[in-house]
Amino acid sequence: MDVKGKFLGGAGTVTGSRFLLEAGGFKVLVDCGLFQGLKDYRLRNWDSFPTDPAEVDMVLLTHAHIDHSGYLPKFVKEGFKGQIICTEPTLELVKILLLDAGKLQEEEAKFAAKKGYSKHTKPLPLFSQEDADKVFPLLQAISFEEEVKLNDYISLMAYNAGHILGASILKLKIKGEHQEKKLIFSGDLGRYRDPILNPPANIPFGDVVFVESTYGDRTNESENLDKELAKLIRTTYQNGGVSLIPSFAVGRTQMILFYLHRLQEKGLIPDIPIYVDSPMAIDVTGLYKNFPHYHHLGPSLEDQESNPFLHKNLHYYRDQEASMSLNHIRGDAIIISASGMATGGRILHHLYHRLPNENDSVIFVGYQPEGTRGRKILDGEKVCRIYGIDVPVKAGIHFIDGLSAHADQTELVRWCENFISKPKFTFLVHGEKQASEKLAGILKDKLGWNAICPHYLESFELFTGI
């Protein structure tokens, strides 16, 4: 039996994770994500899928983030009918994220048509909420470290990856007539010292390893990040402004709430209201209580005073009218809203109103890929285009590295060092070119690994005659 791999995304970029495996005629797609960021990447979402979706037997998801799951509605619409396997929290998160993404796609298409800033006569969404609904019957949940047979010769086991609730490292075991081979997909690895999630599991053996490289070229200081966050919020408060935090609804929002609660308890930031303006973040936060064995917050969720998601200063805003009312706040507040890369969602109207105000601060807490609005703001652009209007950037712009959900270079190398034997191939994925190449060089020099940075649509013969 021969085993082949093809990179349909997540190669040379941090988005669009899609890895196609073919073993003995059985086709498995690991992750099915949307491309985000640069226009050339985003346009790939509209292209026909590089292989016929109807011929793919199964999809395996490492986690729920849109750049790993967001293409599923279009994939199903184009003919995929197989199972989509993921962990229990990932299944619930995918439902929330895809419905939200479909709603945003529909709203953006309507808004573009109304304002006339689309080049299309009738702008259409990539997919709708109805398309998202059709994905859900195909979802099948598994638990960590539960071996699942995919067919007569392939089995799957998921391990904790950290990163976000339910995120997994996937191990595929392929048993041929003569040999058995293990393929490891890291998914997105989390931090080793995360206050909410458990650290990534150690995997001792893998014949082929696909490892993320988002922060392959840098380390993120996590020792004093709470003090750094506190200083920025205190300074903004003293200036009479509002601290606006664009945050991913899954993972980062919950982490920010944890730190803000602790900082207010210690008196390190003022006792001011914290507004979570994201219906999706509210739904996601509720899942932490449903899946206590996937994190270590434990009993604190049972007590309102110690629960970082329920304390007296915290206000959740679901409806649009409440969201718009936040535009009138001139100071003494913290607003958290999605999306984390400022690519869409409610954060846009907050940026529209806050960026021109020099007393306000915008605090980015997650990775900003090339081409995203968040990256452009961080890179110092003086004007930000929102809703087809040029908005002057006068607010304070900040970035806190240590709050990212991704393992940094040191942690990625640490995870790789846990392998007892050298893999035959190690593919550096889900990273911009510079980051992937830097990590590949370290793995070659330090561990003697055959580290490869694949290109988009590149294919590899992984094993022959096993």
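Residues numbered from 1 in each chain as written. Predicted model: local features only at pLDDT ≥ 70, side-chain atom pairs only at ≥ 80, totals over all residues. Heavy atoms only, no water.

Asks: Mind showing me how you'd approach helix 12 (residues 409–417) here?
Replies: Given 3.6 residues to a turn, an α-helix orients residues that are three or four positions apart in the same direction. Taken as a whole, helix 12 has its buried residues at Q409, E411, L412, V413, W415 and C416. The inward-facing, buried residues of helix 12 abut strand 9 (168–175), strand 10 (180–185), strand 11 (208–212) and helix 13 (433–447). Among the residues of helix 12, the N-terminal cap falls to D408, whose side-chain oxygen and the backbone nitrogen of T410 are separated by 3.3 Å. (Buried < 20%, exposed > 50% of the residue type's maximum accessible area, 1.4 Å probe, protein only. Helix = DSSP H or I, 4+ residues; strand = E, 2+ residues; numbered from the N terminus. Contact = heavy atoms within 4.5 Å. Polar contact = N/O pair within 3.5 Å; in protein donor to acceptor, adjacent residues only side chain to side chain.)

Asks: I tried to follow the sheet that holds strand 8 (residues 154–160) on my own but got confused; where do I start?
Replies: Two orientations exist for strands paired in a sheet by backbone hydrogen bonds: parallel and antiparallel. Here seven strands make up an open sheet; going across it, the order is 7-8-9-10-11-20-21 and the pairing mixed. Because the sheet does not close on itself, it has two edges, and the strands there are strand 7 (148–149) and strand 21 (451–452). Bridge analysis of strand 11 against strand 20 (residues 425–429) gives five bridges, and the strand direction is parallel. When the sheet's bridge partners are listed, F210 is paired in strand 20 with F427. In this fold helix 12 packs onto strand 9, strand 10 and strand 11, with an angle of close to 165° to the strand it touches most, strand 11. With respect to the sheet, helix 13 is in contact with strand 11, strand 20 and strand 21, its orientation differing from that of strand 20 by roughly 155°. (Pairing = 2+ DSSP bridges. Axes fitted to C-alpha atoms, helices over the stretch in contact; angles between N-to-C directions.)

Asks: Before we go on, may I ask you to explain the side chain of S17 in this structure?
Replies: Position of S17 among the secondary structure elements: in the loop between strand 1 (3–7) and strand 2 (19–23). Other than its neighbours up to four places away in sequence, S17 contacts G9, G10, V30, D31, C32, G33, D67, H68 and H430.

Asks: I would appreciate a short explanation of the packing of aromatic side chains in the present structure.
Replies: Any two aromatic rings considered together are summarised by their centre-to-centre distance and by the angle between their planes. Scanning the entire structure with this criterion turns up 25 aromatic pairs. With a centroid separation of 5.3 Å and an interplanar angle of 85°, the aromatic rings of W415 and F419 are classed as edge-to-face. An identical accessibility class is assigned to W415 and F419; each is buried. The ring of Y192 carries R414 above its face, with NZ or CZ at 3.8 Å from the centroid. (Phe/Tyr/Trp six-rings, centres within 6.5 Å; stacked < 30°, edge-to-face > 60°. Lys NZ or Arg CZ within 6 Å of the ring centre and 35° of its normal.)

Asks: Hey, could you run me through unusual backbone geometry in this one?
Replies: When glycine is set aside, most residues are seen to have a negative phi, and most peptide bonds are trans. The amide bond that connects A338 to the next residue, S339, takes the cis arrangement and shows omega of 15°. Along the chain, the position of S339 falls in the loop between strand 15 (333–337) and helix 10 (347–354). The phi dihedral of D31 is positive, around 70°, even though this residue is not glycine. Position of D31 among the secondary structure elements: in the loop between strand 3 (26–30) and helix 1 (39–42).

Asks: How should I be thinking about the state of the cysteines in this particular structure?
Replies: A covalent bond between the sulfur atoms of two cysteines is referred to as a disulfide. Applying the stated criterion across every chain, the model contains zero disulfides. Cysteine C86 is unpaired, with the sulfur of C32 as its nearest cysteine sulfur at 12 Å. Judged by relative accessible area, which is 2%, C86 ranks as buried. In this structure C416 is a free cysteine whose sulfur lies 12 Å from that of C453, the closest cysteine sulfur available. We classify C416 as buried; its relative accessible area is 1%. (Disulfide = S-S within 2.5 Å.)

Asks: Looking at this structure, I do not really get the sheet that holds strand 6 (residues 139–142). What am I missing?
Replies: Ordered by their spatial adjacency, seven strands build an open sheet running 6-5-4-3-2-1-22, and the pairing between neighbours is mixed. Each edge of the sheet is formed by a strand with only one pairing partner; in this case those strands are strand 6 and strand 22 (459–463). Strand-to-strand twist across the sheet, computed as the mean angle between neighbouring axes with direction ignored, equals 25°. In the sheet, strand 4 (residues 58–60) pairs with strand 5 (residues 83–87) via three bridges, with the strands oriented parallel.

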